[in-house]
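Chains, contacts and geometry: an overview
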Amino acid sequence: MNFGTALRSWSTFHQPNAKSSDRESKFFTFDYSGCGNVVQAALTERLQDWEMFPRYPFSEQEQDAIQRHYSMGQWSHSPCGGGIHFDRVVCPVCDRQFLFSYGIHEPNNGLLLLTVEGVVEIN
Ligand SMILES: [Zn+2]
């Protein structure tokens, strides 16, 4: 896995983008200048359907590359303090792939917050 330009970098300053009590679906969108398209990732179901969204939907080798890229250990947390999750998001126009990372943490009993931490081009 090769990493290109980061469109969003990990930071402890990111604010939550979705919470489990949201009544409407939340999305994270970003402009991809490579093709001029707006790429979108659904957020709300990531707080509801755990089995649909494993933390690492990647091969072991890719997972190692991701952990090296973000200088993580196996048990590292997300910058938001919760568990870190990864996914592959694809631009529907040019098929460019992005590594999408987000943290899920539970500040209060039963309330889950999702914070988008990173978006980086991959190939
Ligand atoms: Zn594109």
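Residues numbered from 1 in each chain as written. Predicted model: local features only at pLDDT ≥ 70, side-chain atom pairs only at ≥ 80, totals over all residues.

The next thing to look at is the overall build of the protein chain. The number of helices and strands found in the protein chain is one helix and seven strands. Of the regular secondary structure in the protein chain, the N- to C-terminal order runs β-β-β-β-α-β-β-β. Computed over C-alpha atoms, the radius of gyration of the protein chain comes to 14 Å, within 12% of the 14 Å expected from 2.2 N^0.38 for 123 residues, which places it in the range of a compact globule. When its C-alpha atoms are laid out on the principal axes, the protein chain stretches across 40 × 35 × 30 Å. Going through the 123 residues of the protein chain one by one, you find that 22% of them count as buried. (Helix = DSSP H or I, 4+ residues; strand = E, 2+ residues; numbered from the N terminus. Rg over C-alpha atoms; globule rule 2.2 N^0.38 Å. Buried ≥ 20, exposed ≤ 12 C-beta atoms within 10 Å, placed from the backbone.)

Turning our eyes to something else, we now look at unusual backbone geometry. The backbone of Ser71 sits at a positive phi, close to 50°, despite the residue not being glycine. Counting through the fold element by element, Ser71 comes out in the loop between α1 (60–69) and β5 (83–90). Look at Ser71 and you get exposed, because 8 C-beta atoms sit within 10 Å. Non-glycine residue Asp95 carries a positive phi angle of around 65°. Note that Asp95 resides in the loop between β5 and β6 (97–108). According to the C-beta neighbour criterion, Asp95 is exposed, with 8 such atoms within 10 Å.

With respect to the helices and strands, the residue Ile122 is situated in strand β7 (residues 111–122). Of the residues examined, Ile122 has 19 C-beta atoms within 10 Å and is grouped as partly exposed. Taking the C-alpha atoms as reference, Ile122 lies 9.4 Å from Ala6; in sequence the two are 116 residues apart. With sequence-adjacent residues up to four places away left out, Ile122 is seen in contact with Met1, Asn2, Phe3, Gly4, Gln97, Phe98 and Leu99. (Contact = placed C-beta atoms within 7 Å.)

Interpretation note: all reported values are geometric properties and have no functional meaning in isolation.
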